[in-house]
Amino acid sequence: MRYRAMNKKEILRVVREYTIYIAFLLVVIFFAITLRGKGFFTAANALNIIRQTAALTIMGVGLTFVISTGGIDLSIGSTVGLSSLIAAIILREGGNILLAFLGGAGIGLMVGACNGFLYAKLKMPAFISTLAVSGIVYGIGLLPTQSSPVPIADTLFNNIFGSGNIGPVPILLIWMAAAVVLGHLMLRHMKYGRQVLAVGGNEISAKYSGINTEKIKFLVMLFCGLMAGIAGCLYAGRMHTGRCTFGEGAETQVITGVVLGGTIMSGGKGSIIGTLIGSLMIGMISNGLVIMGLNVAQQKIVQGIILLLAIAFGIEQEREA
Amino acid sequence: MAKPLLEMKGIKKSFNGVSVLKDVDFQVNRREVVALMGGNGAGKSTLMKILNGVYQADEGEIFLDGEKVEIRNVLDAGKHGIGMIYQEFSLISTLTVAENIFLAHEPRKRNMLLDNRACVEKAKKILDGLGIEIDPRKKVEELSVGYRQIVEIAKALSKNVKILVMDEPTSALTEHETETLFEIVRNLLKMDISVIFISHRMKEIYQICDRITVLRDGKIVISDEASKIPMDHIVSYIVGSAMDKKFEWIPRSYSMEATPALEVRNLTYRERVRDVSFSLYPSEILGIAGLMGSGRTETLLSVFGLLKPDAGVILVNGQECRIQAPEDAMKQGIALIPESRRVQGLVMDHSVKENVLITVLDKIRKYGFLKDRQGEAIVEEQIRNLDIKTDHMKKNVCLLSGGNQQKVVISKWLANKSTILMLDEPTAGVDIGAKTEIIYRMRELADQGCAVIFVSSELNELLAVSDRILVLKDGRKIQEIMRKDIEGEEVLQRAIQGYE
Ligand SMILES: Nc1ncnc2c1ncn2[C@@H]1O[C@H](COP(=O)(O)OP(=O)(O)OP(=O)(O)O)[C@@H](O)[C@H]1O
Ligand SMILES: [Mg+2]
């Protein structure tokens, strides 16, 4: 009798740990069946999904670190827009590819440093401070061109940061893989990652353990900004355009991906692999819904519901612990 | 013979297949204080949480006044008149005293809105009944640990209890506060309330308890009137064999001519630490005694860079150094084992392994990567050395028993191999066997050249471990005595109170 009860608990624990993978499979199966013959379950569409989610995943890697400390960054969407715009303007003015990339990534670093300063030094609640920064960044993006796009004619740039392939492998997949591997190593296998999780788990204890908590909190924001800056370049390369509205509302999707992947909003627990799977799942759902014929409004509603479910599930897990 | 007030029969409980309680029979009579004793991880808290409905027993029955009752959750327990003060404080620090006392059963007006005035008045009445003056409108975070304890008791009393469980209520209290608590307990007896009292401090047990029950390896090994069991019998019941190591002072030799490992000059922090100077020599164990609020903790925090002192110089091995953050202190080989493990010492939902390794990440790093196997070897060594009871090193520390959590805090800093160790109440909640073990470890480390500062409110422990004792009062150093010149506990007690 008792033996069975124990087994049930054990099973439940395993199920919890692998929920995201199971959910991922279920979504695949669901679309594979409902969209049979409509081109969902093809290699071409799979690559398509990856191209669409690469930038989101890269942002997710950065955000996983922030959320792991118990913070949040709501400015990543507008950072992406500004970064793409700056990269495009640099190219238009005759700058080379490297300069354009550095410009885009640099914008991300600057926004990240700003967020980091407010979060770590001034101890503002990240939720509000990054929301304010988001508005400022978006406004700055409007200044040079209003919201009109700046086209990018440099095909090499467009290839490296967007539409290119290396053999059969889309270049965006390589960017994404690089970010995920880097993020995973940092979070799981390096001192820095341990310290990030310690700060999120119990900031006072972390401080008493000799961790410079301010530095850690500054660095997560800086890194997140950098990732958003790079994601901006990828948007620019994929769309052959820079535009400040790129990335608008991307926060919701990115947060959903991160939370689906098992990172907990209150901090202390995070997983980059989870973020990868979560983001891919979000990409797949968007893709599937488009093929199904849902319009933008309907898609937004579905995404919002998924985010709520993901957070609710995360809280449930926290209570279990 | 009258029926016992409470009877727990054949209680069994296991967690994830690991059996914690194996067939426990436990009784409480009317108007009685029962001591529930046992080593860390013996299952005391678990048994009490079953009584209080936090956990469900796998098997077994509970009788109140001879009638069988089902206790499915904490609310059920409350209805049956069972209240509990948890080992881990459960107050919400951002709410007021009154709000905490009536949490989840707030007095309401007829229109269903909260009746704040009644809430404050009723709270005041309960606190007055306990003979304690606390303003019920104060936020809990403003109260000292001792007062929080009393608020916890008031909270239990607000629900009409017949049996009050106190799980290590004194482990964070000073001797004086403990006296106050005992007054309250005696008062409770007069109100016809029985008390189950858990503590690792022998002296207290004999002071307040009528009967002693000892739990070991999930079984009751003895239950008898306190007056009938001598103290050393209790100890051997708890540890399961006669203790080979003794809990007593051993004179040690070291040189006070050497360059001090740590020298503090004119340290001042607000009103809390005033012009404190002292030296700590290599191989020395320096005890710091004092009442709560005497500035012991603040002194350590200032040395460790967690408080920014207004004045003062710190020298390590004769070199003046600027310590502005814990990192700087750690670079000088200083370690601080803080007093409140849940808040400052541990990341509760991380594993034992992660907690121990957080201070040694630099030492197990190669090319930026953490070497897992080497890390695990360190953790294993620590678990063995302090006999930490855990199924495996990946268990979350919040699932360990209270005393074992404290051992994790200590081992986290021992793993770091610092040369100047500062311990703030390191043995709070640790069982007698492990306490002795810790004291031996300190001596061993000192013999190897470490310098140790040991802060404790338990005088017998301070006298057992220290070579020299500083006495602080109101932030000032009032005495500095060699251990060999101290006759007994009374002498130290008087010094602490500030008598000459
Ligand atoms: N929720 C839980 N899940 C898994 N194991 C648990 C849980 N609660 C307690 N344990 C284990 O049960 C054992 C008994 O724990 P308990 O807290 O009852 O000890 P205790 O006698 O109160 O010790 P202490 O004196 O240190 O407070 C410990 O080994 C602990 O790790
Ligand atoms: Mg306990």
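Residues numbered from 1 in each chain as written. Chains lettered and ligands numbered in written order. Predicted model: local features only at pLDDT ≥ 70, side-chain atom pairs only at ≥ 80, totals over all residues. Heavy atoms only, no water.

(A) Expanded view of the overall build of chain A. Along the backbone of chain A there are 14 helices and 4 strands. At 20 Å, chain A has a C-alpha radius of gyration in line with the 20 Å of a compact globule built from 321 residues. Dimensions of chain A along its principal axes, counting C-alpha atoms only, are 75 × 55 × 35 Å. Sequence-distant contacts in chain A: of pairs separated by 6 or more residues, those separated by 24 or more amount to 78%. In the structure as shown, chain A presents an accessible area of about 14200 Å², 70% of it carried by carbon and sulfur atoms. Between the centroid of the 23 positive side chains of chain A and the centroid of its 12 negative side chains there is a distance of 7 Å. (Helix = DSSP H or I, 4+ residues; strand = E, 2+ residues; numbered from the N terminus. Rg over C-alpha atoms; globule rule 2.2 N^0.38 Å. Contact = heavy atoms within 4.5 Å. Areas by Shrake-Rupley, 256 points an atom, 1.4 Å probe, with all protein chains shown as cover. Lys, Arg positive; Asp, Glu negative; His and termini not counted. Charge placed at Lys NZ, Arg CZ, Asp CG, Glu CD.)

(B) Here's a closer look at the interface of chain A and chain B. Each side of the interface is counted separately: chain A has 23 residues, and chain B has 33 residues. Applying the counting criterion to the chain A and chain B interface returns 1 salt bridge. Contributions of two or more residues to the side of chain A that touches chain B are made by α1 (2-17), α8 (171-189), α9 (191-201) and α10 (203-208) of chain A. Here the side of chain A that touches chain B gets 6 residues from one element, more than from any other, and that element is α9 of chain A. Grouping the amino acids of the side of chain A that touches chain B by side-chain chemistry returns 8 nonpolar, 9 polar and 6 charged. (Salt bridge = Lys/Arg side-chain N within 4 Å of Asp/Glu carboxyl O. Nonpolar A, V, L, I, M, F, W, Y, C, P; charged D, E, K, R; others polar.)

(C) Quick peek at the sheet that holds strand β21 (residues 468-473) of chain B. All names here are of chain B. One open sheet accounts for 6 strands, arranged β16-β19-β20-β13-β21-β22; its pairing is mixed. With partners counted over all chains shown, the strands left at the sheet margins are β16 (334-337) and β22 (476-482), one partner each. The average angle at which neighbouring strand axes cross in this sheet is 15 degrees, direction not considered. For strand β19 (residues 420-424) and strand β20 (residues 451-455), the ladder comprises 5 bridges, and the chain directions are parallel. Bridging from a neighbouring strand, Leu423 pairs with Phe454 of β20. Strands in contact with helix α14 (residues 402-415) are β16 and β19; relative to β16, the strand with the most contacts, it is inclined by about 175 degrees. Contacts from helix α17 (residues 489-497) reach β13 (285-289), β21 and β22 within the one sheet, and its direction differs from that of β21 by about 35 degrees. (Pairing = 2+ DSSP bridges. Axes fitted to C-alpha atoms, helices over the stretch in contact; angles between N-to-C directions.)

(D) Summary view of the sheet that holds strand β1 (residues 6-15) of chain B. All names here are of chain B. Here 4 strands make up an open sheet; going across it, the order is β2-β1-β4-β5 and the pairing antiparallel. The outermost strands of the open sheet, each flanked by one partner alone, are β2 (18-28) and β5 (67-69). Taking the axes of each pair of neighbouring strands and ignoring which way they run, one obtains an average angle of 30 degrees across the sheet. Across 3 bridges, the pairing between strand β4 (residues 59-64) and β5 is antiparallel. Each bridged residue has a counterpart across the sheet, and for Leu64 the counterpart in β5 is Glu67. Contacts from helix α1 (residues 44-51) reach β1, β2 and β4 within the one sheet, and its direction differs from that of β1 by about 115 degrees.

(E) Broad picture of the pairing of β16 of chain B. Residue and element names in this part refer to chain B. Of the two faces of β16, the one holding Ile334 and Leu336 and the one holding Ala335 and Ile337 are both buried throughout. Where β16 and β19 come together, 4 bridges link them in parallel fashion. Bridged to Ala335 within β19 is Leu421. (Buried < 20%, exposed > 50% of the residue type's maximum accessible area, 1.4 Å probe, protein only.)

(F) Representation of the packing of aromatic side chains within the structure. Residue and element names in this part refer to chain A. As enumerated under the stated definition, the model contains 12 aromatic pairs over all chains in all. A centroid spacing of 5.9 Å and a plane angle of 45 degrees characterise the contact between Phe101 and Trp175, whose relative ring orientation is tilted. Here the residue Phe101 occupies a position in helix α5 (residues 97-121), and Trp175 occupies one in helix α8, the gap between them amounting to 74 residues. Aromatic ring contacts, followed pair by pair, group Phe101, Phe157, Phe161 and Trp175 into a single cluster. It is Lys217 that lies over the ring of Tyr119; its NZ or CZ is 4.8 Å from the centre. Here the basic side chain of Arg238 rests over the ring of Tyr235, its NZ or CZ set 5.9 Å away from the ring centre. (Phe/Tyr/Trp six-rings, centres within 6.5 Å; stacked < 30°, edge-to-face > 60°. Lys NZ or Arg CZ within 6 Å of the ring centre and 35° of its normal.)

(G) Geometry of the state of the cysteines. Residues and elements named next belong to chain B. What the rule picks out here adds up to 0 disulfides over all chains. Of all cysteine sulfurs in the structure, the one in Cys450 sits closest to Cys321, which takes part in no disulfide; the separation is 17 Å. Here Cys321 falls in the buried class, since its relative accessible area comes to 15%. (Disulfide = S-S within 2.5 Å.)

(H) Spotlight on helix α15 (residues 432-447) of chain B. Residue and element names in this part refer to chain B. Relative to the 22 Å expected for 16 residues at 1.5 Å per residue, α15 spans 23 Å between its end C-alpha atoms, a close match to the ideal helical length. When α15 is considered as a whole, its buried residues turn out to be Ile432, Ala434, Lys435, Thr436, Ile438, Ile439, Arg441, Met442, Arg443, Leu445 and Ala446. The N-capping residue of α15, defined by a side-chain oxygen 3.1 Å from the backbone nitrogen of Gly433, is Asp431. Gly449 sits one or two residues past α15 and shows a positive phi near 115 degrees. (Expected span 1.5 Å × (residues − 1). Polar contact = N/O pair within 3.5 Å; in protein donor to acceptor, adjacent residues only side chain to side chain.)

(I) Examining the layout of surface pockets more closely. In this model, the second largest pocket occupies a volume close to 1600 Å³. Forming the walls of the second largest pocket are 50 residues, and the residues nearest its centre are Val145, Arg148, Glu339, Ser340 and Gln344 of chain B. For the lining of the second largest pocket, the secondary-structure elements that each account for two or more residues are α10 of chain A together with α5 (145-157), α9 (296-303), α11 (341-345) and α14 of chain B. Along the lines of polarity and charge, the residues of the lining of the second largest pocket split into 21 nonpolar, 15 polar and 14 charged. (1 Å grid on protein atoms, 1.4 Å probe; cavity = no way out; pocket = protein on both sides within 12 Å on 5 of 7 lines; lining within 4 Å. Points joined across faces, edges and corners; volume = space filled by probe spheres on them.)

(J) Structural context of the nonpolar core. If you look at the biggest cluster of nonpolar residues, it comprises 169 residues, and the most contacted ones within it are Leu63, Phe65 and Phe157 of chain A together with Leu262, Ile334, Met442 and Leu492 of chain B. The leading source of residues in this core is helix α11 (residues 213-239) of chain A, at 13 residues. When residues no more than four places from it in sequence are discounted, the contact partners of Phe157 of chain A are Ala87, Leu91, Ile97, Ala100, Ile152, Gly162, Cys233, Ala236 and Gly237 of chain A. In this structure, Ile85, Leu91, Leu164 and Ile212 of chain B belong to the second largest nonpolar core, which totals 49 residues. (Core = buried A, V, L, I, M, F, W, Y, C linked by side-chain atoms within 4.5 Å.)

(K) How the structure looks around the pattern of salt bridges. Residues and elements named next belong to chain B. If you walk through the whole model with that rule in mind, you get 35 salt bridges over all chains. Here Lys68 ties to Glu70 by a salt bridge, and the two come within 3.8 Å at their closest N and O atoms. Overall, the relative accessible area of 46% leaves Lys68 in the partly exposed class. The closest approach of N and O atoms between Glu444 and Arg441, which form a salt bridge, is 3.2 Å. Here the residue Glu444 and the residue Arg441 both occupy positions in helix α15, the gap between them amounting to 3 residues, near one helical turn. Here the salt bridges do not stand alone but share partners, grouping Arg201, Glu204, Lys435 and Glu458 into one network.

(L) Focus on the site of ligand 1. Residue and element names in this part refer to chain B. Not every one of the 20 residues close to ligand 1 is listed here, only the nearest: Lys44, Ser45, Thr46, Ser401 and Gly403. In this structure, Tyr55 approaches ligand 1 through a side-chain N or O atom, which is 3.2 Å from a nitrogen atom. A distance of 2.7 Å separates an oxygen atom of ligand 1 from a polar atom in the backbone of Gly403. Relative to its unbound accessible area of 640 Å², ligand 1 is 90% covered by the protein chains. Elements that contribute at least two residues to the shell around ligand 1 include exactly α1 and α14. Among the elements that line the shell around ligand 1, the one with the most residues is α1, at 3 residues. Grouping the amino acids of the shell around ligand 1 by side-chain chemistry returns 6 nonpolar, 11 polar and 3 charged. (Near = heavy atom within 4 Å.)

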